[in-house]
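# Structural features, examined
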Amino acid sequence: MRRPPFLLLSLLVFAALPDPARAARPLGVDDMLALKRLSGFDVSPDGKWVAYAVTTVGEDYKSHASIWLSPLGAPGANAASAPRQLTQGHKRDREPHFSPDGKTLAFLSDREGEPQVYLMDLEGGEARPLTHSALGVESFIWSPDGKFLVYAASVYPECTGADVEACTHDRAERIKKSPSSGRVVERLLYRHWDTWQEGRRSHLLRIERTGGTARDLTPGNFDAPPFSLGGAAGYDLSPDGKTLVYASNHDKVEAISTNNDLWEMSSSGGPARCLTCDNPAFDGAPRFSPDGRYVAFRSQRVPGYESDRFELRVYDRKAQKIRPLTADFDQWVEDYTWSPDSRRLYFVAPDRARQPIFSVAAEGGRVTLETPDPKTSAADLHMVGGRASAPTLVYAETSLTQPSEIVRRVLGPGGPASKPAERVTHLNDSALAAVAMGEVRERWFMSNDGTKVHALMVLPPGADEKKKYPALMWVHGGPQGAWQYAWSYRWNPQVLAAAGYIVYLPNPRGSYGYGQAFVRGVSGDWGGKVYDDLMRGADDLESLPFVDKGHIGAAGASFGGFMMNWFQGHTDRFKALFCHDGIADQEAMYATEEMWFPEFEFQGKPWDSQLYRKWSPMTAADKFKTPELIVHGEKDYRIPVEQAYLMYALLQRQGVPSKLLLFPDENHWVLKPANSRLWYATMIDWFHEYLGGAPADPKLLETAASVTR
């Protein structure tokens, strides 16, 4: 990709930077947007190749994604010596998967409209579409023999019979051409995140590799698989290809239920048998063991609590019994994979701002830490190697100074790896060599009740501790979430550090990686212990000799946005606030889509719990006084935009300096590159006005579609 010529925000170098730091410029917004982004990848069956998707931002500030192929390499070899681009164009090609014989690559592409599965012969030839789904394909998997694929797509449940896709297409066209724009809603969860459901359901369909008509394997008025609470795809095929296991929620009111269950059926269709219906909480992300005896899956125990600890369990198909594997492991199990001999499972889990790899025997026992690397996080695990060879993991690795890259790691027999991970891809080496990253440090402080709280901190590049710098406390979302050693394009602390700020990233109550009791500590207490944790973190930040105590601001998104609004009525220690998709009125938030969330967090419904009003920032509007910038996406259905309208009106009526930035085409996150540039620029300009630091380029601020003063 040719670097955009107008790297406006790359010039955000504040005057206090020492001369040595000028050799490599600080990371500007356009520098960040110019980086290549790794997304889904797959390893060939023979373990020799890795196919991966790379997203780039063009000069039009639109995202494009293409598929690349690189040799995986042997230990010690240069694994990235000959990467080859397989697809070209200005659309999005993603999620590559090798066929079982390794000769064909399947991937998703929106080059003709809605995302479809395309097939490409690796020996040569153009990619050809396999599916023709009216509403687009969400995900897919190969059958073990390579003769068919199973894919997830939205359909209209009343479409039954031989050609569900044609029926869905006809109905979608009728809706599109209707003279009325009215929507009739007859159930809850009628919209989700940024999409109206329109009566559609996610179903699993089977299509032969040679093409033809797809068959609906999961007909009915339910989602199979449903949207995920995290982790692997919600379905898998047995090694012999005869059995399909998938997740589905059959509860009558899905908006108040997290009760996904696992179901087993023939991969040719027919009746399904529930495997986990004795658990009223979440079960999902199933994966067969290579020998076909077990189905591993992620599971929770508390109904309606989306942030309950995710455990790893296995279903023994022979004994027809479920065995917990990580019941005594006090962290969330995230992505996982099987060893080639079916004796062990490897998984990632958060651990004090890191996300290392752990393992556990399929028979149960002690959890082993496999990758004790500091200051990195792993994701998207793939296992390479036969039953007789040492297992090799291929995965994505990232940090606060490094975007995701593919690495490989040979694991020791029955113990942690003795050698560090080896890089397979080098997507951004040259680009990163031209920029300076801020140093990352860790902090621990004590809350009022004696609880130790952790924080990460990013310094401006080349910071001189004999000088003083303005600072920002950045509160993460969730509330169950965490700041980790991981790269982010949405909320990147390095960009703010490059603008001259000490960026303080606390992990208060509600943060994962510190045990489930710590996670649970925020529920029902949104402005209580977690608020005290943050205030003690602010004390720690102010205690640093190189922090300008008179110029400290705070920022946050989602739950962090709520906390900015809560700060308004409960502290005046910050000189300016930045609120992205925050909450002002919890009672109005009850009408959001995932209604199990407020009912658990606030211990009931608004008419039988006082916690909704207790933790509503608007109730303290008479105390609002801190300048605040509010940003919101109008397609955010998780925290509807009316929350921003309300908070802005309250601030304006109280005479508090405030500004509102709206994105009509964004959801809970600001994802489009051009919008992201304006998001960062407006944020930097706001804090420059009240805290100092570098100003944003005024020309960049003028890219807003309209300004109302």
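The rules we used
- Residues numbered from 1 in each chain as written.
- Predicted model: local features only at pLDDT ≥ 70, side-chain atom pairs only at ≥ 80, totals over all residues.
- Heavy atoms only, no water.
- Pairing = 2+ DSSP bridges.
- Helix = DSSP H or I, 4+ residues; strand = E, 2+ residues; numbered from the N terminus.
- Phe/Tyr/Trp six-rings, centres within 6.5 Å; stacked < 30°, edge-to-face > 60°.
- Buried < 20%, exposed > 50% of the residue type's maximum accessible area, 1.4 Å probe, protein only.
- Lys NZ or Arg CZ within 6 Å of the ring centre and 35° of its normal.
- Core = buried A, V, L, I, M, F, W, Y, C linked by side-chain atoms within 4.5 Å.
- Expected span 1.5 Å × (residues − 1).
- Disulfide = S-S within 2.5 Å.
- 1 Å grid on protein atoms, 1.4 Å probe; cavity = no way out; pocket = protein on both sides within 12 Å on 5 of 7 lines; lining within 4 Å.
- Points joined across faces, edges and corners; volume = space filled by probe spheres on them.
- Nonpolar A, V, L, I, M, F, W, Y, C, P; charged D, E, K, R; others polar.
- Salt bridge = Lys/Arg side-chain N within 4 Å of Asp/Glu carboxyl O.
- Contact = heavy atoms within 4.5 Å.

If you trace the 4 strands from one edge of the open sheet to the other, you get β24-β25-β26-β27, paired in antiparallel fashion. Both outer strands of the open sheet, β24 (336-338) and β27 (368-369), are each paired with one neighbouring strand and no more. Judged from the 3 bridges that link them, β24 and strand β25 (residues 344-348) form a sheet pairing that is antiparallel. Looking at the pairing, Y336 lines up with F347 of β25.

Overall, the coordinates contain 32 aromatic pairs when judged by the stated rule. Ring plane angle 35° and centroid distance 5.6 Å describe the contact between Y190 and W196, whose orientation is recorded as tilted. According to the relative accessible area criterion, W196 is partly exposed, its value standing at 22%. With a centroid separation of 6.4 Å and 65° between ring planes, the pair formed by Y501 and F687 is classed as edge-to-face. Linking Y501 in the loop between α4 (493-498) and β36 (502-507) with F687 in helix α12 (residues 673-691), this pair joins segments that are 186 residues apart in sequence. Judged on exposure class, the residue Y501 and its partner F687 are both buried. Taken together, the ring pairs connect W526, F559, F562, W566, Y590, F597, F602, W607, Y612 and W615 into an aromatic cluster. One cation-aromatic arrangement involves R490 over W491; the distance from NZ or CZ to the ring centre is 5.3 Å. Directly above the aromatic system of F597 lies the positively charged group of R638, at a separation of 4.9 Å from the ring centroid.

Counting 52 residues, the largest nonpolar core has W474, L496, W679 and F687 as its most contacted members. One finds M457, V522, L541 and F602 within the second-largest nonpolar core, a separate group that totals 46 residues.

It is worth spelling out α12 at this point. Helix length check: α12 (19 residues) gives 26 Å between terminal C-alpha atoms against 27 Å at 1.5 Å per residue, within 8%. Where α12 terminates, the next one or two residues include G692, which has phi positive at roughly 100°.

All right, on to the state of the cysteines then. Under the definition given, this model contains 2 disulfides. Note on cysteine connectivity: C159 is disulfide-linked to C167, with sulfurs 2.0 Å apart. Disulfide C159 to C167: torsion about the S-S bond roughly -70°, handedness left-handed. Given a relative accessible area of 2%, C159 falls into the buried group. C274 shares a disulfide with C277; S-S distance 1.9 Å. An S-S torsion of about 100° defines the bridge between C274 and C277 as right-handed.

Summed over all chains, the structure comprises 7 cavities of 30 Å³ or more. Taken as a whole, the largest cavity spans an internal volume of roughly 110 Å³. Taken together, the residues of the lining of the largest cavity sort by class into 5 nonpolar, 4 polar and 2 charged.

Looking now at the pattern of salt bridges. On inspection of all chains with the given rule, the structure shows 39 salt bridges. Among the salt bridges present, the one from D223 reaches R201, with a minimum N-O distance of 3.2 Å. Highlighted residues: D223 in the loop between β15 (215-216) and β16 (235-237) and R201 in strand β14 (residues 201-208), separated in sequence by 22 residues. The buried category is assigned to R201, whose relative accessible area is 4%.

Our focus in this paragraph is helix α6 (residues 529-543). Look at α6: 21 Å from first C-alpha to last across 15 residues, which is about the 21 Å you get at 1.5 Å a residue. The buried count for α6 comes to 11 of 15 residues, which makes it a mostly enclosed element. Buried within α6 we find V530, Y531, D532, D533, L534, M535, R536, G537, A538, D540 and L541. Its buried side turned inward, α6 meets β33 (440-446), β34 (452-458), β35 (469-475), β36, β37 (547-557) and α7 (559-570).

Reading across the sheet, the 4 strands line up as β16-β17-β18-β19 and stay open at both edges, with antiparallel pairing between neighbours. The outermost strands of the open sheet, each flanked by one partner alone, are β16 and β19 (273-274). Where β16 meets strand β17 (residues 243-248), 3 bridges bridge the pair, whose relative direction is antiparallel. Among the inter-strand pairings, L237 is bridged to a residue of β17, identified as L244.

It is worth spelling out the pairing of strand β22 (residues 311-316) at this point. Here β22 lies mainly inside the structure; 6 of its 6 residues are buried. Residues E311, R313 and Y315 point to one face of β22 and L312, V314 and D316 to the other, with burial holding for every one of them. Counting the residues between successive antiparallel strands, the hairpin from β22 to strand β23 (residues 321-324) contains 4 residues, one of them, Q320, with a positive phi of roughly 55°.

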